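What the coordinates show
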Amino acid sequence: MNAGMLHADPRGRVVEESDFVIVGSGAAGATAAATLAEAGYDVVILEEGSYVPPGSRSPLLPDAARDLFRDLGLSAAEGRAIIPLLQGRCVGGTTVINAGIIWRMPERVHRAWVEADPGIARALPWERLEAHYETVERALGVAPVTERIAGANNTLMARGARAAGVAGRYIDRNAPDCEGTGTCLQSCPRGNKLSMEVTFLPKAIAAGARLYARCRVERLTPTRAAAWRVEATLRHPVTGERRGTLTAGARRGVVLAASTLQTPALLRRNGIGHKRVVGEHLQAHPGCAVAGVFDEPVRMWEGVHQGYESTHLRDQGVKLEAIGLPPELAAFRLPGIGDEWSRRISRLDHVALWAVAVRCEAHGSVRPFGPGAVRVRYCPTRADVKKFQLGVKTLADMAFAAGARVVMPGMASLPTEMRDPRETRMILSRPADARDFQMVLTHLMGAARMGSDPERSAVGLDFQVHGAPGLYVADSSLFPTNLGVNPQHTIQAVAMEMARSAAARHADRAA
Amino acid sequence: MTLFAFERRLTITVLKAVMPPVNGVVFPPARTARFLADYHRGAPLAARLALRAAVLLAWLVPLLSRPRRTLLGLSPPARDQALQRLFHSRFYLVRQLCQVLKMVAALGHLGNMATQVALGYRGPHLPPLGRRAGGQVPSRDAAHDDNASPAGTALAAAAVAPEAEVTP
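Residues numbered from 1 in each chain as written. Chains lettered and ligands numbered in written order. Predicted model: local features only at pLDDT ≥ 70, side-chain atom pairs only at ≥ 80, totals over all residues. Heavy atoms only, no water.

**Brief notes about the overall build of chain A**
- From N to C terminus, chain A includes 14 helices and 21 strands.
- Taken along its principal axes, the extent of the C-alpha atoms in chain A is 70 × 45 × 40 Å.
- Relative to its 511 residues, chain A shows a buried fraction of 67%.
- Taking the contacts inside chain A whose residues are at least 6 apart along the sequence as the reference set, 74% of them involve residues at least 24 apart.
- Total accessible area computed for chain A in this model is approximately 16,200 Å², and 49% of it derives from carbon and sulfur atoms.
- Here chain A contributes 62 positive and 52 negative side-chain charges, whose respective centroids are spaced 3 Å apart. (Helix = DSSP H or I, 4+ residues; strand = E, 2+ residues; numbered from the N terminus. Buried < 20%, exposed > 50% of the residue type's maximum accessible area, 1.4 Å probe, protein only. Contact = heavy atoms within 4.5 Å. Areas by Shrake-Rupley, 256 points an atom, 1.4 Å probe, with all protein chains shown as cover. Lys, Arg positive; Asp, Glu negative; His and termini not counted. Charge placed at Lys NZ, Arg CZ, Asp CG, Glu CD.)

**A few points about the overall build of chain B**
- Helix and strand counts for chain B stand at 7 helices and 0 strands.
- Element order for chain B, N to C, with α for helix and β for strand: α-α-α-α-α-α-α.
- Per-residue burial over chain B gives 48% buried out of 168 residues.
- Long-range contacts, defined as pairs at least 24 residues apart, comprise 54% of the intrachain contacts of chain B with a sequence gap of at least 6.
- Looking at chain B as shown, the accessible area adds up to about 8,400 Å², and 61% of this sits on carbon and sulfur atoms.

**Overview of the packing of helix α3 (residues 45–60) of chain B against helix α5 (residues 92–110) of chain B**
All names here are of chain B.
- Orientation of α3 relative to α5, taken along the N-to-C sense of each, is 105 degrees, at an axis distance of 9 Å. One finds that α3 runs roughly perpendicular with respect to α5. When α3 is examined against α5, the residues A50, L51, A53, A54, V55, L57 and A58 are found in contact with a partner set consisting of V94, L97, V100, L101 and V104.
- Looking at the contact of α3 with α5 residue by residue, the class counts come to 12 nonpolar, no polar and no charged. (Axes fitted to C-alpha atoms, helices over the stretch in contact; angles between N-to-C directions. Parallel < 35°, antiparallel > 145°, perpendicular 65-115°, else oblique. Nonpolar A, V, L, I, M, F, W, Y, C, P; charged D, E, K, R; others polar.)

**Looking at helix α4 (residues 76–87) of chain B**
- Under the 1.5 Å per step criterion, the end-to-end length of α4(B) is 16 Å for 12 residues, consistent within 8% with the ideal 16 Å.
- Looking at the buried side of α4(B), the elements it contacts are α11 (339–345) of chain A together with α1 (5–18), α3 and α5 of chain B. (Expected span 1.5 Å × (residues − 1).)

**Some thoughts on the confidence of the model for chain B**
All names here are of chain B.
- Summary statistics for chain B give a mean pLDDT of 78 and a share of 72% for residues scoring 70 or more.
- The low-confidence segment residues 127–153 (pLDDT under 50) makes 60 contacts with residues lying over four places distant or belonging to another chain.
- With pLDDT under 50 throughout, residues 163–168 is counted as low confidence; its partners more than four residues away or in other chains account for 15 contacts.
- Across the interfaces of the predicted complex, the ipTM metric reaches 0.92, alongside a pTM of 0.92. (pLDDT = per-residue confidence, 0-100.)

**Details of the side chain of A:K193**
Residues and elements named next belong to chain A.
- Of note, K193 is situated in the loop between β8 (172–173) and α8 (200–206).
- No salt bridge is formed by the buried K193, whose closest oppositely charged neighbour, E197, lies at an N-O distance of 7.4 Å.
- Side-chain polar atoms of K193 contact the backbone oxygen of C184, separated by 3.2 Å.
- In this view, K193 contacts T95, V96, I97, N98, A99, G100, N174, A175, C184, C188 and V198; residues no more than four positions away in its chain are not counted. (Salt bridge = Lys/Arg side-chain N within 4 Å of Asp/Glu carboxyl O. Polar contact = N/O pair within 3.5 Å; in protein donor to acceptor, adjacent residues only side chain to side chain.)

**Here we look at empty space enclosed by the protein**
Residues and elements named next belong to chain A.
- In total, this model carries 7 cavities of 30 Å³ or more according to the counting rule given.
- The space that makes up the second largest cavity amounts to roughly 90 Å³.
- In terms of lining residues, the second largest cavity is bounded by 15 residues, among which R173, C178, T181, C184 and C188 are the most central.
- Grouping the amino acids of the lining of the second largest cavity by side-chain chemistry returns 5 nonpolar, 6 polar and 4 charged. (1 Å grid on protein atoms, 1.4 Å probe; cavity = no way out; pocket = protein on both sides within 12 Å on 5 of 7 lines; lining within 4 Å. Points joined across faces, edges and corners; volume = space filled by probe spheres on them.)

**Thoughts on the pattern of salt bridges**
Residues and elements named next belong to chain A.
- Counted under the stated rule, the structure contains 44 salt bridges over all chains.
- Two residues, E48 and R70, come together in a salt bridge whose shortest N-O distance is 3.0 Å. Remark: R70 occurs in the loop between α2 (61–68) and β4 (75–77) and E48 occurs in the loop between β3 (43–46) and α2; sequence separation between them is 22 residues. Across the pair, R70 and E48 agree in class, each one buried.
- Close ionic contact of R405 with D295 constitutes a salt bridge, the shortest N to O distance being 2.7 Å. Placement of the pair is R405 in the loop between α12 (382–402) and β19 (406–408) and D295 in the loop between β13 (283–293) and β14 (308–310), with a sequence separation of 110 residues.

**Some thoughts on the packing of aromatic side chains**
All names here are of chain A.
- Within the structure shown, the criterion is met by 10 aromatic pairs over all chains.
- The interplanar angle of 85 degrees and the centroid separation of 5.4 Å between the aromatic rings of F20 and Y41 together place this pair among those described as edge-to-face. One end of the pair, F20, is in strand β2 (residues 12–23); the other, Y41, is in the loop between α1 (27–38) and β3, with 21 residues separating them in the sequence. Each member of the pair, F20 as well as Y41, carries the same accessibility label: buried.
- Each member of the aromatic cluster is reached from another via a ring pair, and the members are F20, Y41 and Y472. (Phe/Tyr/Trp six-rings, centres within 6.5 Å; stacked < 30°, edge-to-face > 60°.)

**A closer look at α12(A)**
- Under the 1.5 Å per step criterion, the end-to-end length of α12(A) is 30 Å for 21 residues, consistent within 8% with the ideal 30 Å.
- Positive backbone phi, approximately 110 degrees, marks A:G403, located one or two places after α12(A).

**Thoughts on the side chain of A:D117**
- Following the sequence through the fold, A:D117 ends up in the loop between α3 (107–116) and α4 (120–123).
- Not counting residues up to four positions away in its chain, the partners in contact with A:D117 are A:G451 and A:S452.

**Topic: a nonpolar patch on the surface**
Residue and element names in this part refer to chain B.
- Judged by side-chain polarity, L56, L60 and L63 come together as a nonpolar surface patch covering roughly 230 Å² of accessible area.
- On the secondary structure map, L60 appears in helix α3.
- Residue class for L60 comes out partly exposed when judged on its relative accessible area of 36%. (Patch = residues over 30% accessible without salt bridge, like charges linked within 9 Å, V, L, I, M, F, W, Y side chains within 5 Å.)

In structure tokens:
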């Protein structure tokens, strides 16, 4: 067996040969890599971004955006509204910059998948997913946030939920030793969030996997049977400076785990899969935020980044969460410009920020758009926008109930500030227009969805792209729909099942 | 597609009007300029074009109303009014361009430790100014140092390849 190794800055002409080549080192790639490597397969992982260890991380968002985010965090989906979208691009993927929120997929979502395509019950049996959830939860030390470290942004939301009669709870996260530095978005400076670069990737490397950072996959070519050749360029992710090439032969298969945007874009770039389905059916959970100004200091950037949530409206597809942003981003979320904006920023340490995330019914699309770039089209429907209004109204009521003097609903068609709780009624009466909100697109899923029918799905029930044996998909692009909850946990459970299934298939062949 | 020097100066001046000093704290133009350099190096094409368009819009639109001057030729109160009109425009695209200016101003002005300390924002949990875990003062580009991987992190503990091993 080859010795496991992290190649943080490879250069020159690198040639690799392994059983599986895994594209992407985020939740899906790391989990699939660890599972396959521990099953005895030789694994190579290719990651486009850099390796930034906890000791070199900056608590400042511009630095984190440059080193850890795709496109500085400045990509956007186009539609009726322009919606910024965030993705990680680093060793560990988006798990490095997410809030570490852990949710199992609701069983009713799984039932809906099976009702739409009974084959899903064989590919992703609920009992096996539950077993994988338990494995991942143990590995990531999942535990609820405690009040001791939560910080005022979260405890105020808890107070507001109690006072308004809204069900809520402290969030289960994968950060058992969290110290409440409030820097999840910029990545944990202590390495206390158990993201992939401190959990599943070290496991994979310990089992012999080789990980190449700063390595962008360009071309996928079938060679013989299920074998593939992967060609990549070695380049600095920020400067774009080209430093060499990497060619990797995959004897048993390639696992695409490059994210819901990059996986379908890579397939389309290489002319693989049915054009009618690859890159279609993109779903997401867009979010927007409501701000409340309190007499007491809040300092939302202290404590847990996202530590409290309400499940009150979850059956209606609306999730409410506290979201403590660093000052430079929190300021941006305040309304106004010029002197008016600066006056509001001067009270930033008294502002609480809470978010609405919506399980939208809208479908979007992904297309490659130049080297390494994608074009995303997405627009929430009118029904989706109504859900945003319901979420904003509930949060505004909670903020007043928690003692906010001023609530800023963040809707262009409403007064910037509300000072009377009765004003929140106006929120539901506005026309349903996505342009009324400053949304952010998160939790992207489904642009290469799984199914038994090659005319309606990109990936088969064996996790292989229809018509491309040996080319597996392990990330959230294969989800038939969005989940209504944070997807990292389900991405890992599904990737584990994909790897288990591929390992078993090849073990059978070997036998 | 980097900014020309005059574009950089113009952008910084417009950003000053977008976010005037907060609590008397003035934002050092050098830090904003550094963020702008990162922005034009790393942002997608659409975002770079949007910033250019937003700066031009804010600069030139005051010419359409009296007194016919660019944004920089107006008095501070008139400059503020001009920006307010843009921000509350009935055209969605104009409002979004104002959001681009706000975002760049927020990240460029507030996204540095010195300003956050001056404003009293820096949290008690963060390591002291200029220091990170391990007591070292990393260079601004530390994350880009080849194979930067201090001992104690799990991946570094696993194994980090020296360059020679992968470069034939």
